[in-house]
Amino acid sequence: MRILRNFLNSGYTFSEEEYELQSKYILFNSMLAISIIIISLVIFIQISKSNFDLVWLNIGQIFIASIGIFILRFTKKIYIIVYITFGLAILLLSFTVLSHPADYMRIAWFLILIIVAFLFNGRKLGYPVAVLSLLIIVMAYFLNRNSVDLKPYLLMFWFSILITILVQLYETREYRVKNKLHSLNTDLENRVAEETKKRIEIYIESNKKLEIMAHYDSLTKLPNRILFFDRLEQAILKAERNKTKLALLFLDIDNFKEINDSFGHIFGDRILEIFAKRLRRNMRQSDSLARFGGDEFIIMIEEIHTGLSVVQIAQGINKAFLKPVKIEKRDFYLTASIGVAIYPKDGTDSEALLKHADVAMHSAKKNDKNQVMFYDKEMTDYAVEKLILDQEIRQGIKNDEFVVYYQPVINNRDKSLAGFEALVRWNHPTRGLMMPDAFIPIAEMSSMIVDLGEKILQIVADQIVEWHRVGFDPAFVAVNISPKQLRDPNLTSILNHALDRVVFRRDWLEIEITEGYAIQNLDSAIEKLHEINNLGIPISLDDFGTGYSSLSYLKKLPVQKLKIDRLFIRDIVDDEEDRILVKAIISFSHELSLKVVAEGVENAEQWNMIKSMECELTQGYHFGKPMSISDIEKKFIGS
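Presented here is a report on the structure given in the accompanying data block. (Residues numbered from 1 in each chain as written. Predicted model: local features only at pLDDT ≥ 70, side-chain atom pairs only at ≥ 80, totals over all residues. Heavy atoms only, no water.)

Brief notes about unusual backbone geometry
One can expect most non-glycine residues to show negative phi and most peptide bonds to be in trans. In this model, Y343 is joined to P344 through a cis peptide bond whose omega is 5 degrees. Its place among the elements puts P344 in the loop between strand 6 (336-343) and helix 12 (350-366). The phi angle at D400 is positive, at roughly 55 degrees, despite the residue not being glycine. Along the chain, D400 falls in the loop between helix 13 (377-398) and strand 8 (402-411). (Helix = DSSP H or I, 4+ residues; strand = E, 2+ residues; numbered from the N terminus.)

Shown next as structure tokens:
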């Protein structure tokens, strides 16, 4: 079988993709082989009849067919051999028929012609050739009815039928094999496509995992230094384009090595995880946090304006670790040394910024740890001072170090006392008496302003009760409320608590808000001010004019009093525009049934000008500076 298979394949080994080429070679070789077999039979017949001339002729035919097979083995591409053999068969058939019209050679070559036709082109050419052959047989019979024996021709006919059946069976088998192969190929393609899809999904998932492994810390799930470097580069380009600043905070956990060495690496890893989670919870959404390696973390703050915003972030970090970290029933108080570098002052590229932030962090480590150090020493001193003040404000509230001074508000009609504005001072144990400008901005940056505001309300409420107890009856005491206090949802509860602990008329307490807050937050301000009014507390609008607001806003705000800012009073005597503006404000306010207070009146000329404009109230150094309780008792109560 192997010899026959090699013969039919022309000695070649065909791949699966060359199936059709292999089929053609089997057809070609089969045709040539069958031709050789039939001619050999004819030779045997001729030898038996001692017709040696035709024997040599047919040996030549065998030689031609053999040469065709031999040449076919040299290449897979020389199909012309089959066409040449087919053409020689037709020529030799014609020569034989002409030379020996009654010989069996005709039968042999008719069969060769039919075989070649069927094997070479299948039924499309095979059937017409078979029919043509039969017509030739019939014509030959009628033309040579007496000299031609019909039996050989009938034999040839049956041979034609047999070969037709064989070719039909072969083509049917070929069709089925092709269909089966097509089905197998389709199934294989589907399986390959499905497998490819799965592998692509696995590849994508693997790439995601590799990207996470490459850009994120496996322990804390924070970005690692590779991803952070990329973000920092983009942030620097953005800051350069927008002419803004950014800050890098380099953090190192204090005493982490001692914890790691004492309790082991698993314990240390738990500390790092908790540290990272607390940092994330106490950062702004816009800030970027990464683990830089070991116990080092880094924070990038974009679009900063002053060092105060950086200090505020540092304060948030400090707050994150006020509560101890509890691991295995042990409490650990974590702190961090923080180094800060600012773009572009401390560096214009990522390497310089990181280097300088690292230097500042190590400086903080040397400086008793748990410190914030800026790469610029002046900024460091400033930031440290703010952090110290923040802590001291907290302590000062607990120790009752804050006191209230009262500046008189005078009736312009008769120069009598109308009321007071309460102004806070800090009686610092080491720095002495501090003015609001030195500590209010720091308190505003944190929640301390809310606690401080509540403390001032309690002090003022107690003082009003005490004054009325001794028969001193100012009509009101105005207390400033900061924007952060106004945004506090607990403000009305705080006011109620401050007033419920004493017994006096609620309209004796007056709340002052700034014009800037009212304009920027009009809708929420209106709602909040109505809540305060509903408590029975009147409201005055402070610093009016500095916000360049339209007077139409006054119709919407539930306020009862308006205070003209000192900037418009300062030059009222010499500046006609200021006089016109102040007079218009007073006139419009009266139309809205609002009382008007002129702030910053420092001399008689200013007061006379204000009085002539029918302004009801005046506040300023001309009638008195902010006064302590003892000074008020001497001037107003003791007289």
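Remarks on the pairing of strand 6
Counting buried residues in strand 6 gives eight out of eight residues, a clear majority hidden from the surface. Side chains A336, I338, V340 and I342 of strand 6 all project onto a buried face; the interleaved residues S337, G339, A341 and Y343 project onto the opposite face, where all are buried too. Where strand 6 lies against strand 7 (residues 372-374), three bridges are found, and the strand directions are parallel. The residue bridging V340 from the neighbouring strand is F374, located in strand 7. (Buried < 20%, exposed > 50% of the residue type's maximum accessible area, 1.4 Å probe, protein only. Pairing = 2+ DSSP bridges.)

Observations regarding the pairing of strand 12 (residues 509-514)
Counting buried residues along strand 12, five of its six residues qualify, which places the element largely inside the surrounding structure. Where strand 11 (residues 476-480) lies against strand 12, four bridges are found, and the strand directions are parallel. Looking at the pairing, N480 lines up with E512 of strand 12. Sheet topology note: the strand 12/strand 13 (residues 539-544) ladder contains four bridges and is parallel.

Some details on the nonpolar core
Of all hydrophobic cores here, the largest spans 69 residues; its most connected members are I393, Y406, V460, I532, I564 and V582. Looking at this core element by element, the count peaks at nine residues for helix 15 (residues 448-469). F256, L279, V310 and F374 belong to the second largest nonpolar core, which has 39 residues in total. (Core = buried A, V, L, I, M, F, W, Y, C linked by side-chain atoms within 4.5 Å.)

Here we look at the sheet that holds strand 2 (residues 288-293)
Across the sheet, which stays open at both edges, the five strands sit in the order 2-3-1-6-7 with mixed pairing between neighbours. The sheet terminates laterally at strand 2 and strand 7, the two strands that pair on one side only. The sheet shows a mean angle of 25 degrees between the axes of neighbouring strands, direction not considered. In the sheet, strand 1 (residues 245-253) pairs with strand 3 (residues 296-304) via eight bridges, with the strands oriented antiparallel. Pairing of D252 across the sheet is with E296, part of strand 3. Of the strands in this sheet, strand 1, strand 2, strand 3 and strand 6 touch helix 8 (residues 225-242), which is tilted by about 15 degrees from strand 3. (Axes fitted to C-alpha atoms, helices over the stretch in contact; angles between N-to-C directions. Contact = heavy atoms within 4.5 Å.)

With respect to the packing of aromatic side chains
Applying the stated criterion across every chain, the model contains 15 aromatic pairs. Pairing F250 with F292 gives two aromatic rings, centres 5.4 Å apart and planes at 75 degrees, and the pair type is edge-to-face. Here F292 lies in strand 2 and F250 lies in strand 1, a separation of 42 residues in the sequence. The two residues F250 and F292 agree in class, both being buried. Ring centres 4.8 Å apart and planes at 25 degrees place the aromatic pair F263 and F267 in the stacked group. (Phe/Tyr/Trp six-rings, centres within 6.5 Å; stacked < 30°, edge-to-face > 60°.)

Structural notes on the side chain of E510
Looking at the secondary structure, you find E510 in strand 12. Overall, the relative accessible area of 5% leaves E510 in the buried class. Those residues in contact with E510, other than ones at most four positions away along the chain, are F476, V477, A478, V479, I537, P538, S540 and K561.

Quick notes on helix 17 (residues 491-500)
Of the residues making up helix 17, those classed as buried are L491, T492, I494, L495, A498 and L499. The buried residues of helix 17 occupy an angular sector of 160 degrees when projected down its axis, which confines them to one face. As for helix 17, its buried residues are in contact with helix 15, helix 16 (483-487), strand 12 and helix 19 (522-534). (Arc of directions from axis to C-beta.)

Considerations on helix 8
Taking 1.5 Å per residue as the helical rise, helix 8 with its 18 residues ought to reach 26 Å, and the 25 Å between its terminal C-alpha atoms agrees with that figure. Those residues of helix 8 that fall on the buried side of the exposure criterion are L227, F228, L232, A235, I236 and A239. For helix 8, the side-chain oxygen to backbone nitrogen distance between the N-cap and I226 is 3.1 Å, and the N-cap itself is N224. Taken from the residues just after helix 8, K243 is the one with a positive phi, measuring 60 degrees. (Expected span 1.5 Å × (residues − 1). Polar contact = N/O pair within 3.5 Å; in protein donor to acceptor, adjacent residues only side chain to side chain.)

Notes on the side chain of E421
Here E421 shows up in strand 9 (residues 417-428). On the basis of relative accessibility, which here comes to 5%, the residue E421 falls in the buried class.

Description of the packing of helix 8 against helix 12
Direction vectors running N to C along helix 8 and helix 12 enclose 110 degrees, while the axes themselves pass 10 Å from each other. The orientation of helix 8 with respect to helix 12, classified from their angle, is roughly perpendicular. Here helix 8 and helix 12 pass one another in a crossing that is right-handed. On helix 12, the residues that touch F228, F229, L232, E233 and I236 of helix 8 are S350, L353 and L354. Residue composition of the contact of helix 8 with helix 12, grouped by class: six nonpolar, one polar and one charged. (Parallel < 35°, antiparallel > 145°, perpendicular 65-115°, else oblique. Left-handed = near helix turned anticlockwise from the far one by under 90°. Nonpolar A, V, L, I, M, F, W, Y, C, P; charged D, E, K, R; others polar.)

Observations concerning the environment of R579
Tracing the backbone shows R579 in helix 22 (residues 576-591). Distance in space between the C-alpha atoms of R579 and M609 is 8.5 Å, their sequence separation being 30 residues. Not counting residues up to four positions away in its chain, the partners in contact with R579 are I572, V573, D574, M609 and M613.

Considerations on the packing of helix 15 against helix 17
Running from N to C, helix 15 and helix 17 cross one another at 25 degrees; their axes reach a closest spacing of 9 Å. As far as their axial angle goes, helix 17 and helix 15 are roughly parallel. Crossing geometry of helix 15 relative to helix 17 is assigned as right-handed. Seen from helix 15, the contacting residues are V450, E454, L457, Q458 and A461; seen from helix 17, they are I494, L495, H497 and A498. Taken together, the residues of the contact of helix 15 with helix 17 sort by class into six nonpolar, two polar and one charged.

Notes on the environment of G396
By secondary structure assignment, the location of G396 is in helix 13. G396 sits 31 residues away from N427 along the chain, and the two C-alpha atoms are 8.7 Å apart. Setting aside residues no more than four positions away along its own chain, G396 makes contact with E401, F402 and W426.

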